[in-house]
Protein chains: 2
Amino acid sequence: MTTLRLDLAYDGSGFRGYAYQEGMRTVQGDLEAALKAVLGSPVETAVAGRTDAGVHARGQVVSLVVAEAPDLERLARSLNGIVGPEIAVTAITIADDDFHARLSASWRRYRYTMSTGTAPDPLARGFEWHVGSRLDLGAMAAVAPEFVGELDFSAFCRSVGGATNVRRVDESRWEADGERLHYWIRSNAFCHQMVRSLVGLSYDVGRGFTPGASVREIVGDGDRSRVATVAPPHGLTLWEVGY
Amino acid sequence: MTTLRLDLAYDGSGFRGYAYQEGMRTVQGDLEAALKAVLGSPVETAVAGRTDAGVHARGQVVSLVVAEAPDLERLARSLNGIVGPEIAVTAITIADDDFHARLSASWRRYRYTMSTGTAPDPLARGFEWHVGSRLDLGAMAAVAPEFVGELDFSAFCRSVGGATNVRRVDESRWEADGERLHYWIRSNAFCHQMVRSLVGLSYDVGRGFTPGASVREIVGDGDRSRVATVAPPHGLTLWEVGY
């Protein structure tokens, strides 16, 4: 038995998210159908980050176990011929036997991009959120460190009955790039809609709707009702997974 | 009478080029229809660079003359509401009376992007040419200076009966950016398909199809039949216009 690691990039626009859903177009559905067609039998895959509908990936990681080691370059070519151009298998490597894309991952890093120009940039509009209003980047940057640490992110998670929302975030910062604002966040793991809710609250701070001073309290109280905005998915990209 | 300068960006994928063509979707057609709707009467526009079908723009410039100065912010908002999201009016300013987007321009700068990764990058595939083969960037970089100077570019131009193909290029260089190669070219003006033909020949040099040593001769002879490849339009972006 051989464990393979696949590195993937995808444009999430046309997918109902990564995870397989009956009757829907998903990244996992497309990928597993291609693997089955090329390898000749169905395979089970594991994934590092189950991205939501409309969310993109630049450095997604998938693992699977196959009976014998295939020709890796040829497999990549065959898969890309089927899943492209919306999905790209950027690398296939043989991993350690105990490698598991989800369980072995020690962190995930996402980037969220907003654009603040007059109009959406036609050359990037599928991959960033165009916000009409001027934003106070200073205020947004000032609250970003409030999200760092081992914290209960219940205020930012669509709760799934009983599961813990404690995560360990070790990077949370805004970066200005002309008329674009990038938010970088790295965490051991993320709960559902966490990044988009953190960005939504930061946006509310930036446009003066939520006072920056109240952010610590919102985090502490775990009160989801005070997080008014969930940023749209198309600005979000799973950037990198650490092992 | 007031002369306006409009700065435009557009995703050229869905257009049959910039210039108006009866019954086709063109950038000029969409823009002039929007201007007519907003200003209440037809206007004539001039443009810095008549991009081909499928070519994009980040810094296109258009000028027009209107009877009285409009509220510029409001005009931009109204136009963007009509022409977006594939076209964006990024700025509107009042120009000198004698400003003319085409005649006043002293240079145009284009960028052509190739990607050399395993598969097309799903997050950028609309804006770069994915070339399957490995390219010898050193060889491509070595011929780039052959295109600098006041030269007859007949080998690279779809000739339009009798017009001169002499242009003055003052920048021609390749830049590597990970698995991407950007070609930057700046010239007083360009003839039809010139950038894509220069990129096509450079690509032929990079893949070993055309010897780099023959490039000077090809330029000198003006022999279009030796330029075998015209790079596809979607990798090309009109970057900036100088006045």
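Everything numeric here is computed off the predicted structure, so don't read it as measured data.

> Residue-level account of the overall build of chain A, with values.
In terms of regular secondary structure, chain A is built from 5 helices and 10 strands. Expected size for 243 residues packed as a compact globule is a radius of gyration near 18 Å; at 19 Å, chain A falls within 12% of this value. On the principal axes, the C-alpha backbone points of chain A span a range of 55 × 40 × 30 Å. Each of the 243 residues in chain A was classed as buried or not, and the buried ones make up 41%. Pairs at least 24 residues apart make up 71% of the contacts formed inside chain A by residues separated by at least 6 positions.

> Got a sec to walk through the interface of chain A and chain B? Specific residues and values, please.
On the chain B side, the residues contacting the 23 residues of chain A number 23 residues. Elements represented by at least two residues in the side of chain A that touches chain B include exactly β1 (2-10), β3 (56-66), α2 (72-83) and β4 (87-95) of chain A. Top element by residues in the side of chain A that touches chain B is β4 of chain A. It accounts for 4 residues. Each residue belonging to the side of chain A that touches chain B can be placed in one class, and the counts come to 12 nonpolar, 6 polar and 5 charged.

> Talk me through the packing of helix α1 (residues 27-39) of chain A against α2 of chain A; I want residue IDs and the actual numbers.
Each pair of packed helices gets described by two things: the angle between the helix axes and the distance between those axes. Residues and elements named next belong to chain A. Two elements in contact, α1 and α2, have axes separated by 9 Å at closest approach and are oriented at 130°. Here α2 runs oblique to α1, going by the angle between their axes. Crossing angle aside, the handedness with which α1 passes α2 is right-handed. Here D30, L31, A34, A37 and V38 of α1 come into contact with α2, specifically with L75, S78, L79, I82 and V83. In the contact of α1 with α2, the residues fall into 8 nonpolar, 1 polar and 1 charged.

> Pulling in residues and values, what's your account of the nonpolar core?
Residues L8, V62, V89, M194, V195 and L198 of chain A are the most contacted members of the largest nonpolar core, which totals 64 residues. In terms of residue count, the dominant contributor to this core is helix α4 (residues 194-206) of chain A (7 residues). Each of domain 1 (2-95) and domain 2 (107-242) of chain A contributes no fewer than three residues to this core. Once you skip the residues sitting within four places of it in the chain, L8 of chain A turns out to touch A57, Q60, V62, I87, A88, V89 and T90 of chain A. Counting 63 residues, the second largest nonpolar core, distinct from the first, contains A57, Y183, V219 and L236 of chain B.

> I'd like a description of the domain arrangement of chain A, backed by residues and values.
The accessible area lost on association of the parts is a frequent measure of interface size. Residues and elements named next belong to chain A. Per the domain assignment, the segments of chain A are domain 1 (2-95) and domain 2 (107-242). Distance from the C-alpha centre of domain 1 to the C-alpha centre of domain 2: 27 Å. Looking at the side of domain 1 that touches domain 2, its residues break down into 5 nonpolar, 8 polar and 3 charged.

> Can you lay out the relation of the copies chain A and chain B for me, pointing to particular residues and giving the numbers?
Screw-axis analysis of chain A against chain B gives a translation of 0.0 Å along the axis, an RMSD of 0.0 Å, and a rotation angle of 180°. Viewed as a symmetry operation, the transformation between the two copies matches a two-fold axis. If distances are taken from each C-alpha of chain A to the rotation axis, the shortest is found for A124 of chain A, at 4.3 Å.

> Could you give an account of α2 of chain A, naming the residues involved and the relevant values?
Working note: α-helix, 3.6 residues per turn, so residues spaced by three or four point in the same direction. Residue and element names in this part refer to chain A. Relative to the 16 Å expected for 12 residues at 1.5 Å per residue, α2 spans 16 Å between its end C-alpha atoms, a close match to the ideal helical length. Of the residues making up α2, those classed as buried are A76, L79 and V83. Buried positions in α2, seen along its axis, are confined to an arc of 70° and lie on one side of it. Facing away from the buried side of α2 by over 90 degrees, the exposed positions are E73, R74 and G81. On its buried face, α2 is in contact with α1 and β4.

> Break down the pairing of strand β10 (residues 236-242) of chain A for me, citing the residues and quoting the values.
Residue and element names in this part refer to chain A. Burial analysis of β10 places 5 of its 7 residues in the buried class, which makes it a mostly covered element. The pairing of β3 with β10 spans 2 bridges and is classified as parallel. Bridging from a neighbouring strand, H56 pairs with T237 of β10. In the sheet, strand β5 (residues 107-115) pairs with β10 via 6 bridges, with the strands oriented antiparallel. Within β10, the position partnered with R108 by the bridge is V241.

> A description of the pairing of β3 of chain A should follow, citing residues and the corresponding values.
All names here are of chain A. With respect to burial, β3 is a largely interior element, 8 of its 11 residues being buried. Relative to β3, β1 runs antiparallel, the two being bridged by 8 bridges. When the sheet's bridge partners are listed, T2 is paired in β3 with V66.

> Talk me through unusual backbone geometry; I want residue IDs and the actual numbers.
All names here are of chain A. For the bond from G84 to P85, the omega torsion is 0°, close enough to zero to count as cis. Of note in the backbone geometry, Q193 takes a positive phi value of approximately 65° without being a glycine. Checked against the element boundaries, Q193 lands in the loop between β9 (180-187) and α4.

> I'd like a description of the environment of A91 of chain A, backed by residues and values.
Residue and element names in this part refer to chain A. Tracing the sequence through the fold places A91 in strand β4. A residue is classified by how many C-beta atoms lie within 10 Å of it, and A91, with 14 of them, is partly exposed. C-alpha of A91 to C-alpha of L8: the two residues are 83 residues apart in sequence and 7.4 Å apart in space.

> An account of the environment of V83 of chain B is requested, with residue identities and associated values reported.
Residues and elements named next belong to chain B. Considering the arrangement of structural elements, one finds V83 in helix α2 (residues 72-83). Since 21 C-beta atoms lie within 10 Å of it, V83 is described here as buried. In the structure, V83 is positioned 29 residues away from Y112 in sequence and 25 Å away in space, judged by C-alpha atoms. Ignoring anything within four residues of it in the chain, the contact list for V83 reads D30, L31, A34 and V89.

The rules behind the values
Residues numbered from 1 in each chain as written. Chains lettered and ligands numbered in written order. Predicted model: local features only at pLDDT ≥ 70, side-chain atom pairs only at ≥ 80, totals over all residues. Helix = DSSP H or I, 4+ residues; strand = E, 2+ residues; numbered from the N terminus. Rg over C-alpha atoms; globule rule 2.2 N^0.38 Å. Buried ≥ 20, exposed ≤ 12 C-beta atoms within 10 Å, placed from the backbone. Contact = placed C-beta atoms within 7 Å. Nonpolar A, V, L, I, M, F, W, Y, C, P; charged D, E, K, R; others polar. Axes fitted to C-alpha atoms, helices over the stretch in contact; angles between N-to-C directions. Parallel < 35°, antiparallel > 145°, perpendicular 65-115°, else oblique. Left-handed = near helix turned anticlockwise from the far one by under 90°. Core = buried A, V, L, I, M, F, W, Y, C linked by C-beta atoms within 7 Å. Domains from an automatic or database assignment. Least-squares fit on C-alpha atoms with pLDDT ≥ 70 in both. Expected span 1.5 Å × (residues − 1). Arc of directions from axis to C-beta. Pairing = 2+ DSSP bridges.

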